[in-house]
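# Report on the structure
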Amino acid sequence: MSTSSSHPSFWRRVPLAFGAFFSTLSDAAYAARVEKLSLPEVAPVAPVAPVAPAPVPTPAAAPVILKEATPDAALQLLALLQREARLIDFTQENLGSHADADIGAAARVVHEGCAKVMREYFTIAPVRQELEGSRIVLPEGFDSAQVRLTGNVVGSAPFTGTLSHRGWRASSVRLPKLSEQHDASILAPAEVEL
């Protein structure tokens, strides 16, 4: 399905989302770049002359400390998605030689398996409760980690706009515990039929 919009389709966003998710978990530098993308753009403000005769020094802002993400949880999730949805098999397959109907049938299996993993190991809820397409007002001090402004962002809050995506948050994660001997880098063992 083609679209005249510059926005990628849902099916194009799925692999982008998975790639960004795993890269964010396993690569601190990548996570820092993603975090910068999430911050709202602020229009430059002209300097204002101080009104007090002597400016009061403000305390230095605390430095942002980035946590080093270990890849084990990301690898564990990827292994679960492979086991239930054959996600790695699907993404590693060259789809150029397959008919669209075959790809659609495979995508249905991947979708059902991914949904099963999401239901079993995560509790996912929308960030915003309003329906997509609703007009909403974002007050001054809104949480920019929960809401990303898009389009023509000028001025300062409050902002009035249309909710184009409600967002998602994980309210709980229930990944299985792993033994010390578990090699998380083995996403799916090789299979040998006898």
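Residues numbered from 1 in each chain as written. Predicted model: local features only at pLDDT ≥ 70, side-chain atom pairs only at ≥ 80, totals over all residues. Heavy atoms only, no water.

Moving on: the layout of surface pockets. Counted as a void, the second largest pocket has a volume near 310 Å³. In terms of lining, the second largest pocket is formed by 17 residues, of which the most central are Ala79, Leu80, Arg83, Leu187 and Ala188. Broken down by element, the lining of the second largest pocket gets its largest block of residues, 6 residues, from helix H3 (residues 72-85). Looking at the lining of the second largest pocket residue by residue, the class counts come to 10 nonpolar, 3 polar and 4 charged. (1 Å grid on protein atoms, 1.4 Å probe; cavity = no way out; pocket = protein on both sides within 12 Å on 5 of 7 lines; lining within 4 Å. Points joined across faces, edges and corners; volume = space filled by probe spheres on them. Helix = DSSP H or I, 4+ residues; strand = E, 2+ residues; numbered from the N terminus. Nonpolar A, V, L, I, M, F, W, Y, C, P; charged D, E, K, R; others polar.)

Between H3 and helix H5 (residues 100-121), the shortest axis-to-axis distance is 8 Å and the interhelical angle comes to 130 degrees. On the basis of the axis angle, H3 is oblique to H5. Seen from above, H3 lies across H5 with right-handed handedness. Counting all contacts with H3, which are made through Leu77, Leu80, Leu81, Arg83, Glu84 and Ala85, the residues of H5 involved are Val109, Val110, Gly113, Cys114, Lys116, Val117 and Tyr121. Among the residues forming the contact of H3 with H5, the class breakdown is 9 nonpolar, 1 polar and 3 charged. (Axes fitted to C-alpha atoms, helices over the stretch in contact; angles between N-to-C directions. Parallel < 35°, antiparallel > 145°, perpendicular 65-115°, else oblique. Left-handed = near helix turned anticlockwise from the far one by under 90°. Contact = heavy atoms within 4.5 Å.)

Structural measurements only, silent on function.
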